[in-house]
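# Architecture at a glance
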Amino acid sequence: MNILNSIPSPSISSFDIGQIRIHFYALFILAGIVSAIILGELRLRKRGAQPGVILDVALWAVPFGILGGRLFHVFTHQSDYFGEGKDLLKIFAVWEGGLAIYGALILGSAAAYIGCKQAGIRFLSFADAIAPGVLLAQAIGRWGNYFNGELFGKPTDLPWGLEISPSNSAYPVGLPAGTLFHPTFFYEFLWNVSGVVILLMLDKRFDLRWGRLFALYLAYYSIGRFWIEDLRVDPSEVLLGLRSNQWSAVVGMLIGISLFIWSRRAHPGAEVSVVIEKSSSQTSEKEHLS
C-alpha cells in the first residue's frame, strides 16, 4: 500500500520497561487528563479561584469519570463481554480501549459536584472553566484508539483512508485485504481541537458563565459525535436504526441546549465570583466557634 495514498496503522500498541508493559492508549488518556487539568487550572485561577483548587476537584472527578466511562461502554457493548465463550475479566481490561465519554461525563460530573462543594467553588463555574480542557483531553485520547487499531469507520477510497491489518480482530468479515477505512479517530480529533478553539473564542467574546460554556461544549461535541458515530463499524447496540452512542449524542445535544436556555433565564446577571458565598448564619456560627 502506498503510504502517500493512505494512513498506515502503528505496528505496536505498547512497549515494555523492564517487567512493566506500557500501553499507548493509557498514555494518551493520561496526557489528556493532565492537559485538561492544566488548562482548567489556568482558566479557573483567572476567574478568582485559589491555586490548586482544580486538582482538588480532579481527585474526585477523574477516578469516577474513568469508572463511569468504562461502565457505560460495557453497558452499550454487552455482546463483547457477556455470553458463551466471553471472558468476563475483559470488563476490567481498560488498557485495551473502551471508555465512553458520556458515561465519564455522568459519573465524573456527579463526583466533581461533590469536589466543588468541598473546595468551596461553584460547580457551574468549574464546569465552564474545565469544558475546553475536557474537549482537548478527548482529542488527545483519540490517538489511543489509533494505536489500538480500533473504532475505525466504514470502507473508503479517499486518499486518507486508514490501513487496518486483516489479522486485526476488529477487521470486518468478508472484506478483502487492503481495504481502507475512514479514520474516525482522526475526524474526531480534528472536530474536538476545532471545538477547543471555538469555545475559547466564544468565551473571550461573550464571557460565558453560569454553565453556558459547558452547555455549548455538550451540544458541540454531541453534534460531531453523532455523524462520526454513524461512520463506525465496530459492534454496537442499535435502537430504531441508531447506534447507542448516537442516542447518547442526541441526549447530550438536548441537555446542552436545555442547560443554555435555563442558564440565561435563571442567571441573567454576571457571575460575580466562582467562590461559593457562605450564608450569614454560617459566618456567625464560624465566628462564634472561633
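Above this note sits the structure.
To keep things clear, this report deals only with the structure shown in the data block.

Calculation criteria
The residue numbers shown here count from 1 along each chain, following its written sequence. Where local features are concerned, this predicted model is filtered to residues with pLDDT of at least 70; where side-chain atom pairs are given and counted, the filter is 80 or more; whole-chain, interface and lining totals use all residues. Only heavy atoms go into the side-chain values, all of them from the structure, while hydrogens and water stay out. The convention used is that axes are lines fitted to C-alpha atoms, helices contributing only their stretch in contact, and that angles between N-to-C directions extend from 0 to 180 degrees. Helix and strand definitions follow DSSP, with helices as H or I runs of at least four residues and strands as E runs of at least two, each counted in order from the N terminus. Geometric relationships in this document are graded by angle, where less than 35 degrees denotes roughly parallel, more than 145 denotes roughly antiparallel, 65 to 115 denotes roughly perpendicular, and other angles denote oblique. Each crossing is labelled by how the near helix is turned from the far one, with a counterclockwise turn of less than a right angle marking it left-handed and a clockwise turn marking it right-handed. Gly falls in the polar group here, along with every residue not listed as nonpolar (Ala, Val, Leu, Ile, Met, Phe, Trp, Tyr, Cys, Pro) or charged (Asp, Glu, Lys, Arg). Distance and chemistry together define a polar contact, namely a pair of N or O atoms within 3.5 Å, with one atom able to donate a hydrogen and the other to accept it when in protein, and with adjacent residues in sequence counting only for side-chain atoms on both sides. Any two residues having at least one pair of non-hydrogen atoms within 4.5 Å are treated as being in contact. Stacked, edge-to-face and tilted are the three classes for Phe, Tyr and Trp ring pairs, Trp counted by its six-membered ring, which pair at centre distances within 6.5 Å; planes under 30 degrees apart are stacked, over 60 edge-to-face, the rest tilted. Exposure categories follow from relative accessible area, calculated using a 1.4 Å probe and restricted to protein chains: below 20% of the type maximum is buried, above 50% is exposed, and the middle band is partly exposed. The span one expects for a helix is its residue count, reduced by one, times 1.5 Å. The criterion is simple. A nonpolar core is a set of buried Ala, Val, Leu, Ile, Met, Phe, Trp, Tyr and Cys residues joined through side-chain atoms within 4.5 Å. Whenever a carboxyl oxygen of Asp or Glu lies within 4 Å of a side-chain nitrogen of Lys or Arg, that contact is scored as a salt bridge.

## Some points on the packing of helix α1 (residues 24-46) against helix α4 (residues 123-148)
Contact geometry of α1 with α4 gives a least axis separation of 7 Å together with a crossing angle of 160°. Considered as vectors, α1 and α4 are oriented roughly antiparallel to each other. Judged by the twist between their axes, the crossing of α1 over α4 is right-handed. For the contact of α1 with α4, the residue count by class is 19 nonpolar, 9 polar and 2 charged.

## Some words on the side chain of Glu271
On the secondary structure map, Glu271 appears in the loop between α7 (244-266) and α8 (280-289). For Glu271, the side chain forms a polar contact with the side chain of Ser125, separated by 2.7 Å. A polar atom in the side chain of Glu271 sits 3.1 Å from the side chain of Arg209. In contact with Glu271, not counting residues within four places along its chain, are Ser125, Arg209 and Trp210.

## As for the packing of aromatic side chains
Counted under the stated rule, the structure contains 20 aromatic pairs. Pairing Tyr146 with Phe185 gives two aromatic rings, centres 4.7 Å apart and planes at 20°, and the pair type is stacked. One end of the pair, Tyr146, is in helix α4; the other, Phe185, is in helix α5 (residues 184-206), and 39 residues separate them in sequence. Note on accessibility: Tyr146 and Phe185 belong to one class, buried. Ring plane angle 10° and centroid distance 4.4 Å describe the contact between Trp191 and Tyr220, whose orientation is recorded as stacked. Placement of the pair is Trp191 in helix α5 and Tyr220 in helix α6 (residues 212-229), with a sequence separation of 29 residues. Among the aromatic residues, those joined into a ring-pair cluster are Phe15, Phe24, Phe28, Trp143, Tyr146, Phe147, Phe185, Phe186 and Phe189.

## Section: α4
For the α-helix, the turn length of 3.6 residues means that residues three or four positions removed from each other point alike. Compared with an ideal rise of 1.5 Å per residue, which puts 26 residues at 38 Å, α4 spans 35 Å between its outermost C-alpha atoms and is within 8% of the ideal. In terms of burial, α4 is largely enclosed, as 22 of its 26 residues are buried. One or two positions beyond α4, positive phi appears at Gly149, with a value near 65°.

## What about the nonpolar core?
In terms of nonpolar packing, the biggest core is built from 34 residues, with Leu44, Tyr102, Ile121, Phe126, Leu135, Phe214 and Tyr217 touching the most fellow members. Of all elements in the fold, only α2 (53-76), α3 (101-119), α4, α5, α6 and α7 reach the threshold of two or more residues within this core. Discounting chain neighbours no more than four positions away, the residues touching Tyr102 are Phe72, Tyr221, Ser222, Arg225, Asn245, Ser248, Ala249 and Gly252. Judged by nonpolar contacts, the second largest core, of 7 residues, contains Phe152, Leu162, Ile164 and Tyr171.

## Remarks on the pattern of salt bridges
Per the stated rule, a full pass over the model turns up 12 salt bridges. Among the salt bridges present, the one from Arg209 reaches Glu271, with a minimum N-O distance of 3.1 Å. You can see Arg209 sitting in the loop between α5 and α6 and its partner Glu271 sitting in the loop between α7 and α8, a full 62 residues away along the chain. As far as burial versus exposure is concerned, Arg209 and Glu271 are alike and both buried. Among the charged side chains, a network of salt bridges with common partners joins Arg225, Glu229, Arg232, Asp234 and Arg243.

Everything listed is a geometric property; what it means functionally is a separate question.
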